[in-house]
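# Structural characterization, general
Okay, here's what each chain looks like letter by letter:
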Amino acid sequence: MSLTDELQRIFDADRALRKAESVLLRKKGSEELISLLERETDHALRMEDRKEGTMRLERLADLCAQVPGPRMTDALIAILNDGEPRVRVAAGEALRDLGYERYAEVARGIERALDRNESGLAMSELPWVLAEIAEPSALSLVRRFLDHPSSDVVAAAIEALAQLRDPEAVADIERFVADSRIVTIEDFEDETKTTLGELAKDALEILGYAPSGN
């Protein structure tokens, strides 16, 4: 088969994908579709074939974001818990884009995760989602992550507060300047170790404040 033929196959597959998605989403408000996406999300998260699971979860993140309702927001947060970085990127971007359009749905979904005392990888990602959406009410919701038992979740919340650049966050961040818990900070493909205290000081510097007593 020639390269021209192979390229045509890609075009045909892309066209078929768009058509199938359009047909599927005609019932976007139906219980049948919502239940289907929930089941398939749960199945993909449990698949032993992680290559197949990753492919499905990336597609499901896009589909769930197009279907309104709290159950689909919960499904996106479940996908955000996956161990594959590509999957978390897809779910995080889907939640961010959903938040631009229907922020209340995303905020309530995050509140439910906090109320359930979730402890998965998603809890370190959600503060960043809120910071990127940057709604005025995001500050109060990010603050809730500061009380999470995981130091890595607290670290994500501190960094998200710094990104929001809201002076009202100074007091929230200041209470961690003496915290010696070790956390891992990911920067693209690099990982560095630091303390919550050092992270808090850096965040205060970004906000233009020095820790109390300095």
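The structure presented is a predicted model; accordingly, all values stated were derived computationally and were not measured. (Residues numbered from 1 in each chain as written. Predicted model: local features only at pLDDT ≥ 70, side-chain atom pairs only at ≥ 80, totals over all residues. Heavy atoms only, no water.)

It is worth spelling out the environment of R143 at this point. On the secondary structure map, R143 appears in helix α8 (residues 138-145). For R143 and T192, which are 49 residues apart along the polypeptide, the C-alpha to C-alpha distance reads 24 Å. (Helix = DSSP H or I, 4+ residues; strand = E, 2+ residues; numbered from the N terminus.)

Here we take up helix α3 (residues 50-65). Given a rise of 1.5 Å per residue, 16 residues ought to cover 22 Å, and the 22 Å separating the end C-alpha atoms of α3 matches this to within 8%. Within the sequence span of α3, burial applies to G53, T54, L57, L60, A61, L63, C64 and A65. Buried-residue contacts for α3 involve α1 (3-24), α2 (31-46), α4 (70-79) and α5 (85-101). Two or three places before K51, at the start of α3, stands the capping residue D49, its side-chain oxygen 3.2 Å from that residue's backbone nitrogen. (Expected span 1.5 Å × (residues − 1). Buried < 20%, exposed > 50% of the residue type's maximum accessible area, 1.4 Å probe, protein only. Contact = heavy atoms within 4.5 Å. Polar contact = N/O pair within 3.5 Å; in protein donor to acceptor, adjacent residues only side chain to side chain.)

The next subject is the side chain of E105. As for its position among the elements, E105 is in helix α6 (residues 103-115). Judged by relative accessible area, which is 15%, E105 ranks as buried.

Taken together, the side chains of D152, E186, D190 and E191 make up a negatively charged region of the molecular surface. Tracing the chain through its elements places E186 in strand β1 (residues 182-187). Residue classification places E186 among the exposed residues on the basis of a relative accessible area of 56%. (Patch = residues over 30% accessible without salt bridge, like charges linked within 9 Å, V, L, I, M, F, W, Y side chains within 5 Å. Areas by Shrake-Rupley, 256 points an atom, 1.4 Å probe, with all protein chains shown as cover. Salt bridge = Lys/Arg side-chain N within 4 Å of Asp/Glu carboxyl O. Lys, Arg positive; Asp, Glu negative; His and termini not counted. Charge placed at Lys NZ, Arg CZ, Asp CG, Glu CD.)

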